[in-house]
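Summary of the model geometry
Spelled out, the chains give:
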Amino acid sequence: MFNGNISSTEISLNRRGLLIWTLVIIVVILVYLGPFAFLEDAGLVEMIEGYPEAFTAGLGMTPEMFVDVNLYHGGLVLLYVVLLASIYSMMLAGGMVTRDVELGAVEFLYTRPVPRSVILVSKASAFLVLLTLLWIAAYLASTVVGSFWIAPAVFDIYAQFSAHLMGYLACLAAGGIAFALAPLFDRTQASTTLAIGFGFGFFLLNSLAAMYEQLHFLQYLSIYYYADLSGAVAGEMFLTGLVVLPALFFGGVAAGAVLIKKKDFTV
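What comes next concerns the included structure. These numbers come from a predicted model, not from an experiment. (Residues numbered from 1 in each chain as written. Predicted model: local features only at pLDDT ≥ 70, side-chain atom pairs only at ≥ 80, totals over all residues. Heavy atoms only, no water.)

This paragraph deals with the overall build of the chain. Helix and strand content of the chain: 13 helices and zero strands. Traced from its N-terminal end to its C-terminal end, the chain shows the element sequence α-α-α-α-α-α-α-α-α-α-α-α-α. Within the span of the chain, comprising 267 residues, buried residues form 51% of the whole. Long-range pairs, those at least 24 residues apart, make up 78% of the contacts in the chain between residues at least 6 apart in sequence. (Helix = DSSP H or I, 4+ residues; strand = E, 2+ residues; numbered from the N terminus. Buried < 20%, exposed > 50% of the residue type's maximum accessible area, 1.4 Å probe, protein only. Contact = heavy atoms within 4.5 Å.)

See the structure below:
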């Protein structure tokens, strides 16, 4: 159920994209975590308290976050890191499948004596490696900025590890969804549009559920709910999320493997 040559090829083809997205996420961490000391001293807590609660809740901002650097980074900064990383995850997973059709590689790749399901699982393995490297880099960047610059005596690298782990699992789930849907498309542009739509869609569902009590049920449709970044950084890992998010990844890969076996490639 695994082909090392296909996995290594996918890793090589996507190294540049990984580097670019990793740099983007590191810049986001620097830009938003770096000024924490300034934000704390700028009276931002009083300012946030003056805003409507629905507005601040929808954006993931609470006054407490601007007092505790761990909650600020794990509950707010990582919220936007997950937004970017989940879009990248879905673009990466979807592109691994649709690129072969768009470039005509299916004529070679899918006529070899390798089952289509093995090809997809091998691509998913490469995806897993690339996404793991992305989140390792994000965690190291957070640790360096937080522990050696912003709050050396306060920044809790163990609590941040939990939050980063949940963010990583959320992006795995996003990738699983992309693997499940990618066989339905024949163009990379379509999978990219899907990735952007789902990425912002999950964020919007999470925001609406936080803003309006009547829409509270929408949280169950968002990967952010199952990641529960604020809970993770506070030492309360969401056990349901630890099950649901990996299940979405493996279930999505399995669904994609079934769909790609039935797909009629016309190139």
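Once that is clear, we can look at the pattern of salt bridges. Here the structure, examined in full by the defined rule, presents two salt bridges. Glu 10 serves as the salt-bridge partner of Arg 99, at 2.7 Å between the closest nitrogen and oxygen. Taken together, the positions of Arg 99 in helix H6 (residues 69-102) and Glu 10 in helix H1 (residues 4-13) put the pair 89 residues apart, joining distant regions of the chain. Between Glu 10 and Lys 123 there is a salt bridge, with its nearest N and O atoms 2.5 Å apart. (Salt bridge = Lys/Arg side-chain N within 4 Å of Asp/Glu carboxyl O.)

Mapped onto the elements, Val 118 comes out in helix H8 (residues 116-150). Along the primary structure Val 118 and Ala 257 are separated by 139 residues, whereas in three dimensions their C-alpha atoms are 7.9 Å apart.

Attention now goes to helix H13 (residues 239-262). Over its 24 residues, H13 runs 35 Å from end to end, which matches the ideal 34 Å to within 8%, given 1.5 Å per residue. Those residues of H13 that fall on the buried side of the exposure criterion are Gly 241, Leu 245, Pro 246, Phe 249, Gly 252, Val 253, Gly 256, Ala 257 and Ile 260. (Expected span 1.5 Å × (residues − 1).)

Our next topic: the nonpolar core. Phe 127, Trp 135, Phe 179 and Leu 245 are the most contacted members of the largest nonpolar core, which totals 70 residues. Mapped onto this core, the elements with two or more residues apiece are helix H2 (15-33), H6, H8, helix H9 (157-181), helix H10 (188-211), helix H11 (223-227), helix H12 (229-233) and H13. A total of 18 residues in this core trace back to one element, the largest contributor, which is H6. Filtering out sequence-adjacent residues up to four positions away, Phe 127 remains in contact with Ser 89, Leu 92, Ala 93, Met 96, Cys 171, Leu 172, Gly 175, Phe 179 and Phe 249. (Core = buried A, V, L, I, M, F, W, Y, C linked by side-chain atoms within 4.5 Å.)

Let's shift gears to the side chain of Ser 191. You can see Ser 191 is positioned in helix H10. Among the residues examined, Ser 191 registers a relative accessible area of 3% and is labelled buried. At a separation of 2.8 Å, a polar atom in the side chain of Ser 191 contacts the main-chain carbonyl oxygen of Thr 188. The residues contacting Ser 191, other than those within four sequence positions of it, are Gly 94, Gly 95 and Thr 98. (Polar contact = N/O pair within 3.5 Å; in protein donor to acceptor, adjacent residues only side chain to side chain.)

If you walk through the whole model with that rule in mind, you get eleven aromatic pairs. Judged by centre distance (5.5 Å) and plane angle (45°), the rings of Tyr 80 and Phe 203 are tilted. Residue Tyr 80 is found in helix H6, and its partner Phe 203 is found in helix H10; the two are separated by 123 residues along the sequence. Since its relative accessible area comes to 28%, Tyr 80 is described here as partly exposed. Grouped by ring-pair contacts, the aromatic residues Phe 127, Phe 179, Phe 249 and Phe 250 constitute a single cluster. (Phe/Tyr/Trp six-rings, centres within 6.5 Å; stacked < 30°, edge-to-face > 60°.)

Before going further, it helps to spend a moment on the packing of H8 against H13. At a minimum axis distance of 8 Å, the contact between H8 and H13 shows a crossing angle of 145°. Between H8 and H13 lies a crossing whose hand is right-handed. Residues Arg 116, Ser 117, Leu 120, Val 121, Ala 124, Phe 127 and Leu 128 of H8 form the contact with H13, whose own contacting residues are Phe 249, Val 253, Gly 256, Ala 257, Ile 260 and Lys 261. Looking at side-chain class alone, the contact of H8 with H13 contains nine nonpolar, two polar and two charged residues. (Axes fitted to C-alpha atoms, helices over the stretch in contact; angles between N-to-C directions. Left-handed = near helix turned anticlockwise from the far one by under 90°. Nonpolar A, V, L, I, M, F, W, Y, C, P; charged D, E, K, R; others polar.)

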